[in-house]
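Chain by chain, the residues run as shown.
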Amino acid sequence: MAPGNGSFVTEFILLGLTNQPDLQLPLFFLFLGMYMVTVLGNLGLITLIALNSHLHTPMYFFLFNLSFIDLCYSSVFTPKMLINFISKKNIISYVGCMTQLYFFSFFIISEIYVLTSMAYDRYVAICKPLLYNVVMSPKVCSSLMLASYLMAFSGAMAHTGCMLRLTFCDANTINHYFCDILPLLQLSCTSTYVSELEMFIVVGINIIVPSLTIFVSYGLILTNILHISSTEGRSKAFSTCSSHIIAVSLFFGSGAFMYLKPPSAVSMDEGKISSVFYTNMVPMMNPLIYSLRNKDIRLALRKTLSMRQF
């Protein structure tokens, strides 16, 4: 019996992404490649921003934190996922499962609020350029990041706390590749009403409120861009924001599809495919999206490489 939660289950079995044997090895190499790109891309951005003083601005301060979160976030479940592709029985302990759930919740909520802060930063930069240095002062940026981590901490504690109070009797097979909220709720042999209510409230707050903030920010940005007389100026402003819009749409869209409907209406097979986007694709794509079209990052990369040659 797991201590303190009244559960008879001491370990869970993860079914993984698919139960087809022929796909296990190809998927192992596919997700290993994605994880390597994720780690190298995010570590590369963190290093470039840290080493280049011209990138010590609010925009890159948030991007530094986003890369750090993506690096930690993908490392919460991807190594276990890779092991599961090549092992015969995919077991995770009860404590390991709850720990994975906590850190997954913490980093995903952190990412939501960092993306929201980045949208606000772009709004101030484009719509209030003369006030930018005042509005986005180091104190304000630090406060926004602290608030992001505090929201993440409270959300993760709420999710994990509600899960710990549930009882798991005999069923211990999780139809997923990591310990997510919805497949765990389906295994409980006690009422999940409070946990479902908590999930809707916490997820609703952490998706709807930031989504509206981002939507309003980019609505105002778009209006401002359309009033720029210079074609070059419009193109530059839109280019700065388009990468962020792509990342946000992919992240929030897949997350909302998974969590903003009742557990009974969620197909776990559909849910697993949807979760691949926000658990694997987004952390991998963020460094590519923010670096390939960014002149400052390309300049920093050239400077860093030229310094290493000497």
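Residues numbered from 1 in each chain as written. Predicted model: local features only at pLDDT ≥ 70, side-chain atom pairs only at ≥ 80, totals over all residues. Heavy atoms only, no water.

The name an unreviewed UniProt entry assigns to the protein is Olfactory receptor, from the organism Bos indicus. A UniProt comment under Sequence similarities (unreviewed entry) is attached to the protein, and it reads "Belongs to the G-protein coupled receptor 1 family." According to the UniProt record, the Function (unreviewed entry) comment for the protein is "Putative odorant or sperm cell receptor." (UniProt positions renumbered as here; feature names shortened; annotations may be inferred.)

*Asks:* Requested: an account of the sheet that holds strand β1 (residues 11-14), with residues and values cited.
*Replies:* The three strands are arranged β2-β1-β3 in an open sheet whose pairing can be described as mixed. Only two strands of the sheet have a single partner each, and these edge strands are β2 (91-93) and β3 (173-174). For β1 and β3, the ladder comprises two bridges, and the chain directions are parallel. The partner of I13 across the bridge, within β3, is T173. Contacts between helix α3 (residues 94-127) and the sheet are confined to β1, β2 and β3, with β2 contributing the most and set at about 85° to the helix. (Pairing = 2+ DSSP bridges. Helix = DSSP H or I, 4+ residues; strand = E, 2+ residues; numbered from the N terminus. Contact = heavy atoms within 4.5 Å. Axes fitted to C-alpha atoms, helices over the stretch in contact; angles between N-to-C directions.)

*Asks:* How would you sum up the confidence of the model for the protein? Please name residues and give values.
*Replies:* Confidence along the protein averages 84 in pLDDT terms, with 86% of residues attaining 70 or more. Element-level pLDDT for the protein is lowest in helix α8 (residues 231-259), with a mean of 70, against a maximum mean of 94 in helix α5 (residues 138-164). (pLDDT = per-residue confidence, 0-100.)

*Asks:* Pulling in residues and values, what's your account of helix α2 (residues 58-86)?
*Replies:* Along its 29 residues, α2 runs 43 Å from first to last C-alpha, staying within 8% of the 42 Å computed at 1.5 Å per residue. Within α2, the axis deviates most sharply at S75, by approximately 40°, and proline P79 lies no more than four positions further along. (Expected span 1.5 Å × (residues − 1). Bend = angle between axes of the 7 residues up to and from the residue.)

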